[in-house]
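# Descriptive analysis of the structure
Take a look at the letters that make up each chain.
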Amino acid sequence: MWAYAVDVDDKPFDMRAPTWAEESYVSPGFFAAIDARLMQGRFLTREDESHPRHAVVINRAMARRFWPGQDP
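All of the points below concern the structure found in this document.

Thresholds, definitions, all that
- Residues numbered from 1 in each chain as written.
- Predicted model: local features only at pLDDT ≥ 70, side-chain atom pairs only at ≥ 80, totals over all residues.
- Heavy atoms only, no water.
- Helix = DSSP H or I, 4+ residues; strand = E, 2+ residues; numbered from the N terminus.
- Areas by Shrake-Rupley, 256 points an atom, 1.4 Å probe, with all protein chains shown as cover.
- Lys, Arg positive; Asp, Glu negative; His and termini not counted.
- Charge placed at Lys NZ, Arg CZ, Asp CG, Glu CD.
- Core = buried A, V, L, I, M, F, W, Y, C linked by side-chain atoms within 4.5 Å.
- Buried < 20%, exposed > 50% of the residue type's maximum accessible area, 1.4 Å probe, protein only.
- Contact = heavy atoms within 4.5 Å.

Secondary structure assignment for the protein chain yields 3 helices and 2 strands. Helices and strands in the protein chain line up, N terminus first, as β-β-α-α-α. A principal-axis box enclosing the C-alpha atoms of the protein chain has dimensions of 35 × 25 × 20 Å. Total accessible area computed for the protein chain in this model is approximately 6,400 Å², and 53% of it derives from carbon and sulfur atoms. Between the averaged position of the 9 positive side-chain charges in the protein chain and that of its 11 negative side-chain charges there is a distance of 6 Å.

Turning to the nonpolar core, a few remarks are in order. Core analysis: the biggest nonpolar cluster contains 5 residues, these being V6, V8, A21, F66 and W67. W67 has contacts with V8, D10, K11, I58, M62 and P72, leaving out every residue within four places of it along the chain.

Time to look at unusual backbone geometry. In the Ramachandran plot, D35 falls in the positive-phi region, its phi being about 55° despite a non-glycine side chain. Mapped onto the fold, D35 is located in the loop between α1 (30-33) and α2 (46-50). Among the residues examined, D35 registers a relative accessible area of 69% and is labelled exposed.

Below, the discussion takes up the environment of V8. Tracing the sequence through the fold places V8 in the loop between β1 (2-5) and β2 (20-23). Residues V8 and F66 lie 58 residues apart in sequence; the distance between their C-alpha atoms is 7.8 Å. Not counting chain neighbours up to four residues away, the residues in contact with V8 comprise F66 and W67.

The next point concerns the environment of M15. Counting through the fold element by element, M15 comes out in the loop between β1 and β2. Residues M15 and E47 lie 32 residues apart in sequence; the distance between their C-alpha atoms is 35 Å.

Put into structure tokens, the structure is as follows:
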């Protein structure tokens, strides 16, 4: 697991008080194994492993913080 400052393309970034996020690498079966509930979008698939752009799954707190009332 890693933690890093979040820089979202269309949102202001304050270097003095950044928003931190944790990053974990998981396999496509991870969310089924923990019985996670999907709120929107999709879970990871095997095809995501070989794609040059990584797929991302975010939690509800991040969606509300950066994209309130929108489709993240």
